[in-house]
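Fold and geometry: a report
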Amino acid sequence: MKCHDLSLIALTLPKHEMILFRMNRVLPSLAQLLVKLKRVLSGCAVIVRGQPRGGPPPERQINLSNVRAGALARRAVQGQPDTKDTPDEPWAFQAREFLRKKVIGKEVCFTVENKTPQGREYGMVYLGKDTSGENIAESLVTEGLATVRREGIRGNNPEQARLCDLEDQAKAAKKGLWSEGGGAHTIRDLKYTIENPRNFVDSLHQKPVNAIIEHVRDGCIVRALLLPDYYLVTVMLSGVKCPTFKREADGSETPEPFSAEAKFFTESRLLQRDVQIILESCPNQVILGTILHPNGNITELLLKEGFARCVDWSMAVYTQGAEKLRAAERSAKERKVRIWKDYVAPTANLDQKDRQFVAKVMQVMNADAIVVKLNSGEHKTIHLSSIRPPRLEGENKDKDKRFRPLYDIPYMFEAREFLRKKLIGKKVNVTVDYIRAATSAMETGGVPAFPERTCATVTIGGINIAEALISKGLATVIRYRQDDDQRSSHYDELLAAEARAIKNGKGLHSKKEVPIHRVADISGETQKAKQFLPFLQRAGRSEAVVEYVFSGSRLKLYMPKETCLITFLLAGIECPRGSRNMPGGMQVAEPYSEEATFFTKELVLQREVEVEVESMDKAGNFIGWLHIEGVNLSVALVENALSKVHFTAERSSYYKTLLSAEETARQRKEKLWANYEEKPKEEVAQLTEEKERVAKYRAVYVTEITDGLHFYAQDVETGTKLESLMESMRGEIAAQPPVEGSFSPRRGDFCIAKFGDGEWYRARIEKVESPAKVHVYYIDYGNREILSSTRLAALPPAFSTRTLPPQATEYAFAFIQVPQDDDARTDAVDSVVRDIQNTQCLLNVEYSGIVCPHVTLQFADSKDDVGLGLVKEGLVMVDVRKEKHLQKMVTLTGICNLCALKCTSLFPSRASDGSQFVLL
């Protein structure tokens, strides 16, 4: 390249004035702006620039006096057919490289000796702070990389004479230009174009390539010389975009704000530096890459200093970690530097406690929104940032059919179920990314209006829920305008997850047939409900998912096995009714109806439950009992004073439990019982005299003790039936062994399971984690175990629970408190295991509990009370009961309690859980 081909800005300085500057190509830190040498044009010309003050500094070209180096190759001018590519002159590139490497990072000074009328300046350049340093021109001549212009030499100039002597010595030594062969081997085979850029980039496999940056077009586009094959390529930095120079129709360029500063920032750090480039992609013939310098990554620095912004379309190919780029951009935004000087964060108006918080998930709205409960008790709807749930392409073809988005939109049900199973009832971490303002239908051009939406990143156990949803192909990522900053703080991870889902053909991106959910809604369909009722009654406890809560006792259930929707009414209770439209007008809500509805929602909405259907009403609604994790919802409502016991509960097995719960709520005088007044004492006294404790002990065989101090027992009377059934069942299994692995376990199903002793027993499946982890409950013995599905098989019909009901019944000890302290409870359990497990005892039911009956247990031989013995040993405390007919037992136990208090030092630690001694 010839010096006069460049358009330069000249510095006006007096002739022979010495200028000291630092040609610093290798900086201690790329963030410092110390460089004053811009470029080495050839072996005999450089461009220097002054100190930057408020913007890019002016530039000046200095040509070395009395010497000439070969001209570098030049490409033909585009659009001028008569011009041709000009190759390097021999040793021209070597001279340029010698000078580039010689002055980079060194302090140099130069003197201007001559200035032509055209403004070209000639002078001498020295390494160091003054002219006593190494003369660059002499070094070039000594190495045979430049020739001396002898035609203009004056005999009385010692410096010029020395140049001639050095040239003669180089000739004699046959160095460089004076070597044999003419230097044809020093001419580069420059490649200005690449026939197939994409194949070229792919062939490098994203490995670093050595290069020299030859030109900087703007802050993020450079021209690089790839070594050692001398490909001259234009590279755009992956993942970022800097302000640029817009070319107008007349050929002039209009700089965008901070475009000149961004270009100077990149030039001062990379121009003519030895770097490594990772060529990462080539979309639309544009080569994207990352430039690596020993002192830093220019892409990250441009972002950090506010000279560039992240761009999504090329961020995906960035190989050095997209999160680093986002972090650098975020730093610039927070400091409001350069292009971000007017930046306002999407969550700038939120307090820190409102930006990040922990909440409990109460409901999954669709595939992109959840309702959470804050610590304050407030419910808040949270939308997952930057994701779009499944949606129906085109119009709904079946106009006659009622459109149900959850079941009719492909993969909407799968997405909702994924979120429901993952989140319902669990605490999640919420980080608010932005608040999407409310829109009206007019603003969105016919699109439905939306209220203000809080969009956030939701994580549980370190897993980003939106990312997990997208990776399974159950949602897609929203694309934004480049200047739209309202997006997920993990937007790049979402894009990467979507790319994986597309590659693997997951969910929405699958080429398989779309799953169809044929769910029959028989709510209010009396005829269909009548046909379905016997089936549900025979099924006993059936699995269901609570889809909607209309009121405290009215719910809509999804039955997965039957794939239908039913309306379900809780049996045995009278729940306050909410407001509703009636023919005569709006009916006012009864007191505590809202509280009852809220209670039911919090406990069961979108949870997996078990239901027992007993009957149906004339409107086609099913009536029965609903259980969730061992809790009867009817009992729970009564116990919390939100319902009363209905007379229809008398024929139910849960009647006593309901009455006990109602009495407890009535005594507290809360909510429905706030104005309750007890009956006259005379009547109560008369009733209590009539009711006495009934002691009907029966023989049982204790089979299992739980960690919560409950136990399971079999009635001795039916023991022979169980032995006969087990003998017959094992005989049939031995005759026709089940095929291993043929049984597909489902929660709630009865089966047979092979215990550790190698024998088969009846069991019920409680939970299925995986085929290798199935939780089973042995219904005749009360113990639980985790087994592989290969050790399970279908229960033969002849030995079902209809033939013989489950023989193990759960009980709790009456009149005692289970210790809250883990060590104390363990001591009590160990004592009970030693005394009664696998032994015959005598059992009497004293009163009902929410989970199971509370009983007293006696040793079969001595008739000593087991619970009383625990109290005497100081292992448990007395549970005070207010029922008159139980006071005798409570008093006796309390006396033992006092004896234990005097005789042992264990009680202080036993009472550390807050329980009280009983003094009677």
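Throughout, residues of each chain are indexed from 1 in the direction in which the sequence is written. Note on the predicted model: pLDDT of at least 70 is required for a residue's local features to be given, and 80 or more for side-chain atom pairs to be given and counted; whole-chain, interface and lining totals, by contrast, use all residues. Note that water and hydrogens are dropped before the side-chain values are worked out from all heavy atoms of the structure.

In the annotation of an unreviewed UniProt entry, the entry for the protein reads Staphylococcal nuclease domain-containing protein, and the organism field reads Cyprinus carpio. UniProt positions are given in the numbering used here, feature names are shortened, and annotations may be inferred rather than shown by experiment. Quoted verbatim from the Function (unreviewed entry) heading of the UniProt record, the comment on the protein is "Endonuclease that mediates miRNA decay of both protein-free and AGO2-loaded miRNAs." Here the protein is described in UniProt, under the heading Subcellular location (unreviewed entry), as follows: "Cytoplasm".

1. Thoughts on the overall build of the protein
A tally of helices and strands in the protein yields 23 helices and 49 strands. Only protein chains enter the accessibility calculation, which uses a 1.4 Å probe; a residue whose area is less than 20% of its type maximum is buried, one above 50% is exposed, and one in between is partly exposed. Considering the protein as a whole, with its 920 residues, one finds that 45% of them fall into the buried category. Across the protein, every contact between residues at least 6 apart in sequence was considered, and the portion connecting residues at least 24 apart equals 63%. Secondary structure follows DSSP: runs of H or I at least 4 residues long count as helices, runs of E at least 2 residues long count as strands, and numbering of each begins at the N terminus. By definition in these notes, contact holds between two residues if any of their heavy atoms fall within 4.5 Å.

2. Concerning the nonpolar core
Most often, soluble globular proteins have nonpolar side chains that are buried together. Counting 48 residues, the largest nonpolar core has Ile370, Ile382, Ile387, Leu423, Val458 and Leu469 as its most contacted members. If one sorts the elements of this core by residue count, helix 11 (residues 412-423) sits on top with six residues. Look past the residues within four positions of Val458 in its chain and what remains in contact with it is Ile370, Ile382, Leu384, Val428, Asn429, Val430, Ile463, Asn464 and Ile465. We define a nonpolar core as any set of buried Ala, Val, Leu, Ile, Met, Phe, Trp, Tyr and Cys residues linked to one another through side-chain atoms lying within 4.5 Å. Of all hydrophobic cores here, the second largest spans 41 residues; its members include Val201, Ala211, Cys220 and Ala322.

3. Thoughts on the packing of aromatic side chains
Pairing of aromatic side chains here covers Phe, Tyr and the six-membered ring of Trp, requires ring centres within 6.5 Å, and sorts the geometry by plane angle: under 30 degrees stacked, over 60 edge-to-face, intermediate tilted. Taken as a whole and assessed by the stated rule, the structure comprises 20 aromatic pairs. Ring centres of Phe413 and Tyr558 lie 5.8 Å apart, and the angle between their planes is 65°; this geometry places the pair in the edge-to-face category. Within this pair, whereas Phe413 is found in helix 11, its partner Tyr558 is found in strand 29 (residues 554-559), the two being separated by 145 residues in sequence. The residues Phe413 and Tyr558 share a single accessibility class, namely buried. The rings of Phe755, Tyr761, Tyr778 and Tyr781 are connected pair by pair, giving a single aromatic cluster. Whether a charge sits over a ring comes down to the Lys NZ or Arg CZ being within 6 Å of the ring centre and within 35 degrees of the ring normal. The ring of Trp178 is capped by Lys171, whose NZ or CZ atom sits 4.8 Å from the centre of that ring. Between the NZ or CZ atom of Arg269 and the centre of the ring of Phe265, over which it lies, the distance is 3.8 Å.

4. A word on the pairing of strand 38 (residues 698-705)
Here strand 38 pairs with strand 47 (residues 840-847) via four bridges, running antiparallel. Paired with Val700 across the bridge in strand 47 is Cys841. In this scheme, strands are said to pair when DSSP sees at least two bridges between them. As paired elements, strand 38 and strand 39 (residues 710-715) share five bridges and run antiparallel to each other. Within the sheet, the bridge partner assigned to Val700 lies in strand 39 and is Asp715. Where strand 38 folds back onto strand 39 in an antiparallel hairpin, the turn is made up of four residues, including Leu709, whose phi is positive at roughly 70°.

5. A short note on helix 14 (residues 526-539)
To estimate the expected span of a helix, subtract one from its residue number and multiply by 1.5 Å. Across its 14 residues, helix 14 extends 20 Å between first and last C-alpha, which sits within 8% of the 20 Å expected from 1.5 Å per residue. Note that bend, as reported per residue, equals the angle between axes fitted to the 7 residues terminating at that residue and the 7 residues originating from it. By the largest-angle criterion, Phe532 marks the main kink of helix 14, which is about 35°, and a proline, Pro534, follows within four residues. For helix 14, the complete set of buried residues consists of Ala529, Phe532, Leu533 and Leu536. Tucked inside the fold, the buried residues of helix 14 contact strand 28 (541-549), strand 29, strand 30 (564-570), strand 34 (608-616) and strand 35 (622-628). Gly540 lies just past helix 14 and shows a positive phi near 70°.

6. Considering unusual backbone geometry
Here the bond from Leu227 into Pro228 is cis, since omega is 5°, no more than 30 degrees from zero. Although it is not a glycine, Phe258 sits at a positive phi angle of roughly 70°. As for its placement among the helices and strands, Phe258 is situated in the loop between strand 14 (253-255) and helix 5 (259-270). Residue class for Phe258 comes out partly exposed when judged on its relative accessible area of 22%. The phi dihedral of Thr563 falls on the positive side, at around 45°, and the residue is not glycine.

7. Some details on a positive patch on the surface
What makes a patch is a set of residues exposed beyond 30% relative accessible area and free of salt bridges, joined within 9 Å when like-charged and within 5 Å when nonpolar (Val, Leu, Ile, Met, Phe, Trp, Tyr). The protein chains shown are the only cover counted for residues, whose accessible areas, like all others here, come from Shrake-Rupley with a 1.4 Å probe. Should a side-chain nitrogen of Lys or Arg be within 4 Å of a carboxyl oxygen of Asp or Glu, the pair is scored as a salt bridge. Charge convention: Lys and Arg are scored as positive, Asp and Glu as negative, and His as well as the terminal groups of each chain are ignored. To locate a charge, take NZ of a lysine, CZ of an arginine, CG of an aspartate or CD of a glutamate. A surface patch of positive charge is lined by Lys422, Lys426, Lys472, Lys506 and Lys767. Looking at where Lys506 falls in the secondary structure, it is placed in the loop between helix 13 (491-504) and strand 27 (520-521). We classify Lys506 as partly exposed; its relative accessible area is 38%.

8. Details of the sheet that holds strand 42 (residues 773-778)
If you trace the five strands from one edge of the open sheet to the other, you get 43-42-41-40-44, paired in antiparallel fashion. A strand with exactly one partner marks an edge of an open sheet, and here the two such strands are strand 43 (784-787) and strand 44 (792-794). With strand direction ignored, the average angle separating the axes of adjacent strands in the sheet is 45°. Note: strand 42 against strand 43, four bridges, orientation antiparallel. Considered in strand 43, the bridge of Val774 is made with Leu787. The sheet contacts of helix 19 (residues 719-735) involve strand 40 (750-754) and strand 41 (760-770), and relative to strand 41 the element is tilted by about 70°. Axis lines are fitted through C-alpha atoms, for helices just across the contact stretch, and the angle between N-to-C directions can take any value from 0 to 180 degrees.

9. Regarding the environment of Ser259
Here Ser259 lies in helix 5. Overall, Ser259 belongs to the buried group, its relative accessible area being 1%. In the structure, Ser259 is positioned 15 residues away from Thr244 in sequence and 5.1 Å away in space, judged by C-alpha atoms. Setting aside residues no more than four positions away along its own chain, Ser259 makes contact with Pro243, Thr244 and Phe245.

10. Overview of the pairing of strand 41
As defined by bridge partners, strand 40 adjoins strand 41 across five bridges and the pair is classed as antiparallel. For Ala753, the partnering residue across the bridge sits in strand 41 and is Tyr761. The hairpin formed by strand 40 and strand 41 contains five residues between the paired strands, and Gly758 there has a positive phi angle of roughly 85°. In this structure, strand 41 lies alongside strand 42, joined through six bridges in antiparallel fashion. Each residue of the ladder has a partner; that of Ser770, found in strand 42, is Lys773. Connecting strand 41 to the antiparallel partner strand 42 that follows it, the hairpin turn spans two residues.

11. Some details on the sheet that holds strand 38
Strand order in the closed barrel made by the five strands is 38-39-45-48-47, with mixed pairing throughout. Between one strand and the next, the sheet's axes are offset by a mean angle of 60°, whatever the strand orientation. The sheet contact formed by strand 45 (residues 809-813) and strand 48 (residues 854-859) spans two bridges and is parallel. In the sheet register, Phe813 faces strand 48, and the bridge partner there is Val855. Strand contacts of helix 20 (residues 822-836): strand 38, strand 45, strand 47 and strand 48, with the helix running at about 130° to strand 38, the strand carrying the most contacts.

12. Comments concerning helix 15 (residues 593-604)
For helix 15, built from 12 residues, the straight-helix expectation of 16 Å at 1.5 Å per residue is met to within 8% by its first-to-last C-alpha distance of 17 Å. Within the sequence span of helix 15, burial applies to Ser593, Ala596, Thr597, Thr600 and Val604. The buried residues of helix 15 occupy an angular sector of 100° when the element is viewed end-on, so they sit on one face. The inward-facing, buried residues of helix 15 contact strand 28, strand 29, strand 34, strand 35 and helix 16 (633-639). It is the directions from the helix axis to the C-beta atoms that the arc portrays.

13. Here we look at the pattern of salt bridges
The full count for this structure, using the stated rule, is 46 salt bridges. Arg150 serves as the salt-bridge partner of Asp168, at 3.1 Å between the closest nitrogen and oxygen. With Asp168 in helix 3 (residues 158-173) and Arg150 in the loop between strand 8 (147-148) and helix 3, the pair connects residues that are 18 residues apart, well separated along the chain. For Asp168, a relative accessible area of 38% corresponds to the partly exposed category. Judged by its relative accessible area of 38%, Arg150 is partly exposed. When the shortest N-O distance is used, the salt bridge between Asp189 and Lys191 registers 3.7 Å. The exposure class of Lys191 is partly exposed, given its relative accessible area of 23%.

14. Structural notes on the environment of Thr266
For Thr266, the position within the fold is in helix 5. Separated by 36 residues in sequence, Thr266 and Leu302 have C-alpha atoms that sit 8.0 Å apart. Not counting residues up to four positions away in its chain, the partners in contact with Thr266 are Val216, Gly219, Val222, Leu271, Ile298 and Leu302.

15. Thoughts on the side chain of Asp492
The residue Asp492 is located in helix 13 in this model. Asp492 gets classed as buried once you look at its relative accessible area, which sits at 11%. Looking at Asp492, its side chain comes within polar contact range of the side chain of Arg326, at 2.5 Å. Between N or O atoms, a polar contact is any pair within 3.5 Å; within protein, one atom must be a potential hydrogen donor and the other a potential acceptor, and residues adjacent in sequence are included only when both atoms are from side chains.

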